[in-house]
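Given next are the chains, with one letter for each unit.
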Amino acid sequence: MKFNVRSVLGWILVAILWLLRLQMAIDSFEALPLLSFHDEVSHKIAGVVADYPDIREEQLKLTVRVDEMDGSPVAGRLLVSLPRYPDNYFYGDHLEFEGMLETPTEFDDFSYKNYLRRYGISSVMYEPRILEWTPRMGDEHGNGYLSMLKFWIFRLKFSIETRLNQLLVEPEASFAAGILLGARRGIPPDVIEDFKVTGLTHLLAISGYNITLIISFVCGLFAFLRPRQQIVVATSVIVIFVVMVGASAAVVRAALMGSLALWARWFGRAAEVNRLLMLSAGAMILWNPFVLFDDVGFQLSFLATWGLIHLTPFVEAFFERSSWFQKAPSVLSWKEAFTTTLAAQIATFPILILQFDRLSLIAPVANVAVVSLMPLAMLFGFLALAVSWVWWDAGLLIAYVGWFFLKLILFLAHLLAQVPYASI
C-alpha cells in the first residue's frame, strides 16, 4: 500500500479540528444556565414545545425550549416527562409548568446525560404540574417562516400516522409507521424484541435505502423537468423528509450522502461512495462532535455503510469459492442480501457487543427472508396512504395488500426469533 503523506496530514488536521470543536462544544454545554438550577427546589417555567412529541406506552416526553424561569428570562432546552394522557400537546404549544429540574440519570453502562447532550438538552423534569397550556395559533410562538414550515411538516407526519391507524390494525399500523416514518411509538415490546433477536431492528430506522427510494421516486415523478431542476426538487423533498422523521444522526448521514451524490451530478462529477461517506460523517462530527461517541445510531450507520462499501467484495469472494453458493439459484436476489447483511454485521460487530451485549447469529438468514418483502410493504403502504385521501375505499383495498406483506414480515421475524441460539 502506497504511503500518502498528504492523506495522513489531512487526517491529522481533521482530528485536530474535531478536538478543538469538541472542547468548544463541552465548554458551551457546561455553561448552559439551566444547570445552575439543579437545586432540589421547585421552579416555575415557561417555554415552547420545540420538537415532535415523543409518545411512549406509558408516558409522554416533550422537548421544551425554556424562555422564562421564576419570572426571569432563561434560555435552554429541557426534557419534560408527563403521564401518557392527555396527549394533545404539539410542537409550538406554549406551556407554563412547575417542578424540580434534575440532572439526567447516569447508569453503569449508559450515560443518559451524554445521550441528551447531543440534542443540547441539559436537564430533565418528571411529571411537573401544568399551570397553563396554550395551543399554537398562527406564529406567535415560533421563529418565523422556518418554524411555521416545521410546524406544518409535523402536522403532515401526525396526519400520516393517524391515517395509517385508520387503514391498518395493530401492530401492522405501528410497523408501517416505523418503516415509512421511522416512528417506533406503539410498536409492542414483543415485536421489538423479535427484531432485536433476528437483527432486523434496522428495518425500523430510516436509512440510506429510504433516501434512495425518495430520490428515485421524485426524479421519476418529475422526469419532465430538467436534470438540475430535478436535483433541486429531490433535495428539497429530502430535507422535508429528514425533518419529518426526526433528523436522527443515521437519517442525516444518509440524507447528506444522497444529497451530495445528487449535487455531484449538478457539477458533472462522479459520486464516489466512500468519499461521500467520509464527507458526510466529517461534516456531522464537526457540526455536533458529541455524535461520534454519544450516538450509537450514528456509529452503527457509519460502520454498516463502511462495511457495505469495503467488506462486501471480500464476503462475496469468500462464498464464491464454494460450489454450492455458485450453483444455488439467486432467487429474489438472496445472495446479495446475504453477503451485504454479513458484511454490515461484521463491520458493526464491535458496537453491537459493547453497546447491546448481543449478537444475532440468525441475522443474515432473517434479512434474506424479508429483504424482498420490504419494498412491497413500503410501496403498498405509501399507495394506500396516497389513494385513501382521494378515494377511501380504494385506499383501504390497497391497505389490505400492504397488511399482508407487513404481517408476513412480522410473522417471519417472530418465527426466526424462536430458533435456538438465534442470538447470543
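These numbers were taken from a predicted model, which means no experiment stands behind them.

Conventions we followed
- Every chain's residues receive numbers from 1 upward, in the order its sequence appears when written.
- At least 70 in pLDDT is required for a residue's local features to be given in this predicted model, at least 80 for side-chain atom pairs to be given and counted, and no such filter applies to totals for whole chains, interfaces and linings, which use all residues.
- Computation of side-chain values: all heavy atoms of the structure, hydrogens and water removed.
- Strands are runs of DSSP state E lasting at least 2 residues, helices are runs of H or I lasting at least 4, and numbering of each runs from the N terminus.
- The atom set for the radius of gyration is the C-alpha atoms, and the globule formula is 2.2 Å times the number of residues raised to the power 0.38.
- Burial classes: relative accessible area under 20% of the type maximum marks a residue as buried, over 50% as exposed, and values in between as partly exposed (1.4 Å probe, protein chains only).
- What makes two residues a contact is simply this: any of their non-hydrogen atoms within 4.5 Å.
- Buried Ala, Val, Leu, Ile, Met, Phe, Trp, Tyr and Cys residues that are joined via side-chain atoms within 4.5 Å together make up what is termed a nonpolar core.
- Two aromatic rings from Phe, Tyr or Trp, using only the six-membered ring of Trp, form a pair when their centres are within 6.5 Å; if the ring planes differ by under 30 degrees the pair is stacked, by over 60 it is edge-to-face, and anything between is tilted.
- Being paired, for any two strands, means DSSP has found at least two bridges between them.
- Here the expected length of a helix is defined as 1.5 Å per residue gap, with one fewer gap than residues.
- Think of the arc as the fan of directions from the helix axis to the C-beta atoms.
- Grid spacing is 1 Å over the protein atoms alone, the probe is 1.4 Å, and a cavity is where that probe fits but cannot get out, while a pocket is an open set with protein on both sides within 12 Å along at least five of seven lines and lining residues have an atom within 4 Å of a point.
- Grid points are joined across faces, edges and corners, and a volume is the space filled by probe spheres set on the points.
- When residues are sorted by character, Ala, Val, Leu, Ile, Met, Phe, Trp, Tyr, Cys and Pro go into the nonpolar class, Asp, Glu, Lys and Arg into the charged class, and all the rest, Gly among them, into the polar class.
- Definition of a polar contact: a pair of N or O atoms within 3.5 Å, with one able to donate and the other able to accept a hydrogen when the atoms are protein atoms, and with sequence-neighbouring residues admitted only if both atoms are side-chain atoms.

Visitor: Mind laying out the overall build of the protein, listing which residues take part and the relevant values?
Guide: For the protein, the helix and strand inventory stands at 17 helices and 7 strands. In terms of overall size, the protein behaves like a compact globule, its C-alpha atoms giving a radius of gyration of 23 Å where 424 residues would be expected to give roughly 22 Å. Seen along its three principal axes, the alpha-carbon backbone of the protein occupies a region of about 75 × 65 × 55 Å. Out of the 424 residues belonging to the protein, those deemed buried represent 43%. In the protein, the share of contacts with a sequence separation of at least 24, taken over all contacts with a separation of at least 6, comes to 68%.

Visitor: Can you lay out the nonpolar core for me, pointing to particular residues and giving the numbers?
Guide: By size, the foremost hydrophobic cluster in this structure holds 41 residues, and its most contacted members are Leu164, Leu168, Phe175, Ile179, Phe195 and Ile409. Counting residues per element, the ones that place at least two in this core are helix H3 (145-167), helix H4 (172-181), helix H5 (189-198), helix H15 (363-371), helix H16 (374-388) and helix H17 (392-417). Broken down by element, this core gets its largest block of residues, 9 residues, from H17. When near neighbours in sequence (up to four residues on either side) are disregarded, Leu168 contacts Ala173, Ala176, Ala399, Trp403 and Leu406. Counting residues in hydrophobic clusters, the runner-up holds 18 residues, among them Val49, Leu62, Leu95 and Met125.

Visitor: Tell me what's going on with the packing of aromatic side chains, and back it up with residues and numbers.
Guide: Enumeration over the complete set of coordinates arrives at 18 aromatic pairs. Between the aromatic rings of Phe90 and Phe158, the centroid separation amounts to 6.1 Å while the plane-to-plane angle is 70 degrees, which identifies the pairing as edge-to-face. Of this pair, Phe90 sits in the loop between strand S4 (72-83) and strand S5 (94-100) while Phe158 sits in helix H3, placing them 68 residues apart in sequence. The class for Phe90 is buried, based on a relative accessible area of 6%.

Visitor: Which residues make up the pairing of strand S3 (residues 59-69), and what values go with them?
Guide: Pairing geometry for strand S1 (residues 42-49) and S3, over 5 bridges, is antiparallel. By the bridge assignment for S3, Val49 is matched with Val64. Sheet topology places strand S2 (residues 54-55) next to S3; 2 bridges connect them, and they run antiparallel. Bridging from a neighbouring strand, Ile55 pairs with Leu60 of S3. Here S2 hands over to S3 after 3 residues, the two strands then running antiparallel side by side.

Visitor: Outline H16, supporting the account with residue identities and numerical values.
Guide: Here H16 contains 15 residues, and its C-alpha end-to-end distance of 21 Å stays within 8% of the 21 Å for a straight helix at 1.5 Å per residue. When H16 is considered as a whole, its buried residues turn out to be Met374, Ala377, Met378, Gly381, Ala384, Leu385 and Ser388. In an axial view of H16, the angular spread of the buried residues amounts to 130 degrees, which keeps them on one side of the axis. Looking at the buried side of H16, the elements it contacts are H3, H4, helix H6 (208-221), H15 and H17.

Visitor: Report on empty space enclosed by the protein, specifying residues and quantitative values.
Guide: Applying the stated criterion across every chain, the model contains 1 cavity of 30 Å³ or more. Approximately 40 Å³ is the volume attributed to the largest cavity. Contributing to the lining of the largest cavity are Leu164, Leu167, Leu168, Phe380, Gly381, Ala384, Ala399, Gly402, Trp403 and Leu406. Elements represented by at least two residues in the lining of the largest cavity include exactly H3, H16 and H17. By residue number, the principal contributor to the lining of the largest cavity is H17, which donates 4 residues. Here the residues of the lining of the largest cavity are counted per class, giving 8 nonpolar, 2 polar and no charged.

Visitor: How would you summarise unusual backbone geometry if you had to cite specific residues and measurements?
Guide: A cis amide bond links Tyr85 to the next residue, Pro86, at an omega of 0 degrees. With respect to the secondary-structure elements, Pro86 resides in the loop between S4 and S5. Between Glu170 and the following residue, Pro171, the backbone shows a cis peptide bond with an omega angle of 5 degrees. Within the element layout of this structure, Pro171 appears in the loop between H3 and H4. Positive phi, close to 60 degrees, is recorded for Tyr421, a residue that is not glycine.

Visitor: Which residues make up helix H12 (residues 312-320), and what values do they have?
Guide: Along an α-helix, residues three or four positions apart point the same way, because every turn accommodates 3.6 residues. Of all the residues in H12, the buried ones are Thr312, Val315 and Phe319. The buried residues of H12 all sit within an arc of 65 degrees when viewed along its axis, so they share a single face. What points out from H12, more than 90 degrees from its buried face, is the exposed set Phe314 and Phe318. Residues of H12 that are buried sit in contact with helix H11 (296-310), helix H13 (323-327) and helix H14 (334-356).

Visitor: Go over the environment of Glu172 with me, naming the residues and quoting the values.
Guide: For Glu172, the position within the fold is in helix H4. Each C-alpha atom of the pair Glu172 and Leu34 lies 41 Å from the other, and the pair is 138 residues apart in sequence. Apart from residues lying up to four places away in sequence, Glu172 is in contact with Trp403, Leu406, Lys407 and Leu410. One polar contact links Glu172 to Trp403, side chain to side chain, over a distance of 3.5 Å.

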